[in-house]
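Below, each chain spelled out in residue letters.
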There are 2 protein chains.
Amino acid sequence: MSDALRPLTRPRLYEQVVAQLREHVADQGLKAGDRLPPERELAERLGVSRASIKQAIVVLEVQGLVDVRHGGGTYLRKDTLHSEPVEHLVDRRRRLPDVLDARDALETKLAALAAQRRTPEDLAAIDAALAEMRAQVDRGESGEDGDRRFHEAVTVAAHSGLLAHFMRQITEPIAESRRESLRQPGRPPRSLAQHERIADAIRAGDARAAMRAMHRHVETVSRVRLLNWDPENEAG
Amino acid sequence: MSDALRPLTRPRLYEQVVAQLREHVADQGLKAGDRLPPERELAERLGVSRASIKQAIVVLEVQGLVDVRHGGGTYLRKDTLHSEPVEHLVDRRRRLPDVLDARDALETKLAALAAQRRTPEDLAAIDAALAEMRAQVDRGESGEDGDRRFHEAVTVAAHSGLLAHFMRQITEPIAESRRESLRQPGRPPRSLAQHERIADAIRAGDARAAMRAMHRHVETVSRVRLLNWDPENEAG
DNA sequence: GCCTCCCGACAGGCTCAGCCACTTGGCCAC
DNA sequence: GTGGCCAAGTGGCTGAGCCTGTCGGGAGGC
């Protein structure tokens, strides 16, 4: 996973324009509701074509930071143009503890909701994932696939679109820490047992027990991960 | 708050192009790693200018759905171009229960982390917010501003960039439910008392107590909000 | 036969000039 | 005061064109 040989791509012009606009808003102390300069003026002042200005404004528009009115101008919707896309927060290895905190927050609640809301179909999906994991572990494999499917099934069973959306944003770093955790000697069978306890609580409709079981599970994974984690020398 | 007289805005061309691209990917069964047709070809086939195609592709690019290589073509990064921006999940009134679930998940964890990680400065900010709320409530106001500042201060004290990011995504619906809750007769003083209990636990460094206090608080707000909430006739 | 290098086709990056569509505000007739 | 009208300003979109980067295949050297 070396980043050393990534093909280097030059920054897009529109990205620089976005940066300039952010700066302008900060410098001028513009607030929500204020109007940005007209596109033609921006193009002239930044020395780029109107098309590039337009691309930058489209970016801000889809991020909900700006409100563009045909014939009327472009208006701020927030007091700042900074949006901090999740990727920036998630991609960097340094942020891994953050991801684990977020995972605990989300999955604990998801387990509780799943216990309250699971349909028979949800339960079947959870059991199927568990069966897959058990089969894999019995064969001496890590059970990673079943593990992933289990958490996905619990997420679905919670029937909360927003929480599911948040979970999706941290899918990749979670998968990574899962892989690492399951590589620990003797870990797969214990992990399986933890998952079974979670499933039991969800099946019983016991939200508090589901929360506790899930919390303990996430805590275990976090501990393993954090032990191996060195913020200075992050060889993956 | 009537939506009846909202100025009607025509859909942007680039949005239609994005939709067409999604459809194309689905129809052709394109997968991650596959290449999209060249911009010039898309422009011709869709009967729009290349600039519009470009805007659409920029949108997909900032959403991380597509990888654009200068001179090399545009490649899919996922098996689909659908992204489900949070706004769609958050804006609709129907999703309010989801927001409240998410709030419980996030703020409960934030309170626990704040109890463990708060610096003296964090505590000072929390106390300042609490003092403002108390002053407002004493004057017979709702204390909404202090309330908001309190939760922001707790979020900062938790020192988790990711959780803070998630919180920001549901700021607005939360503010709305807060307003509604504080309008209930006799609610502001009780809310103040709940906030003080949370602050006490954070000051004491008692993560479990902070969790419990925050959970109870969020639960109270949710109950008020849900009572008034009618999914069929959603007059705001 | 194999490797290297170079070139040309093709891809996206960006600009320029211009016209269309919509908003706004002021002026005028009523 | 009301409504219609017009002009200026602003975003929406186009088309042609040139630049820069990528990639594959053929010419030439070994």
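Cut-offs applied
- Residues numbered from 1 in each chain as written.
- Chains lettered and ligands numbered in written order.
- Predicted model: local features only at pLDDT ≥ 70, side-chain atom pairs only at ≥ 80, totals over all residues.
- Heavy atoms only, no water.
- Core = buried A, V, L, I, M, F, W, Y, C linked by side-chain atoms within 4.5 Å.
- Buried < 20%, exposed > 50% of the residue type's maximum accessible area, 1.4 Å probe, protein only.
- Helix = DSSP H or I, 4+ residues; strand = E, 2+ residues; numbered from the N terminus.
- Contact = heavy atoms within 4.5 Å.
- Near = heavy atom within 4 Å.
- Polar contact = N/O pair within 3.5 Å; in protein donor to acceptor, adjacent residues only side chain to side chain.
- Salt bridge = Lys/Arg side-chain N within 4 Å of Asp/Glu carboxyl O.

1. Points about the nonpolar core
Inference 1: Core analysis: the biggest nonpolar cluster contains 30 residues, and Leu106(A), Phe166(A), Ile170(A), Leu106(B), Phe166(B) and Ile170(B) have the highest contact counts within it.
Inference 2: At the level of secondary structure, the elements contributing two or more residues to this core comprise α5 (96-117) and α8 (161-169) of chain A together with α5 (96-117) and α8 (161-169) of chain B.
Inference 3: Not counting residues within four places of it along the chain, the set of residues in contact with Leu106(B) comprises Leu106(A), Phe166(A), Leu163(B), Phe166(B), Met167(B) and Ile170(B).

2. A short note on the protein's contact with DNA strand D
Inference 1: The environment of DNA strand D is formed by 24 residues, the closest being Arg40(A), Lys54(A), Leu13(B), Ser49(B) and Ser52(B).
Inference 2: The contact in question runs from a base nitrogen of DNA strand D to an N or O atom on the backbone of Gly71(A), over 3.1 Å.
Inference 3: Residue Ser52(B) places a side-chain N or O atom 2.4 Å away from a phosphate oxygen belonging to DNA strand D.
Inference 4: Of all the elements in the fold, those that place two or more residues in the surface near DNA strand D are α2 (39-46), α3 (50-62), β1 (66-69) and β2 (73-76) of chain A together with α3 (50-62) of chain B.

3. Notes on the pattern of salt bridges
Where side chains of opposite charge bring their charged atoms close, a pairing between them can arise.
Residue and element names in this part refer to chain A.
Inference 1: Taken as a whole, this structure holds 34 salt bridges over all chains when the rule is applied.
Inference 2: A salt bridge links Arg-148 to Asp-145; the shortest N-O distance between them is 3.7 Å. A residue pair is termed a helical-turn pair when its members lie 3 or 4 positions apart in one helix, as Arg-148 and Asp-145 do in helix α7 (residues 144-158) at three residues.
Inference 3: A residue is classified by how much of its surface remains accessible, and Arg-148, at 33% relative accessible area, is partly exposed.
Inference 4: The class for Asp-145 is partly exposed, based on a relative accessible area of 36%.
Inference 5: Between Arg-148 and Glu-152 there is a salt bridge whose closest N-O contact spans 3.3 Å.

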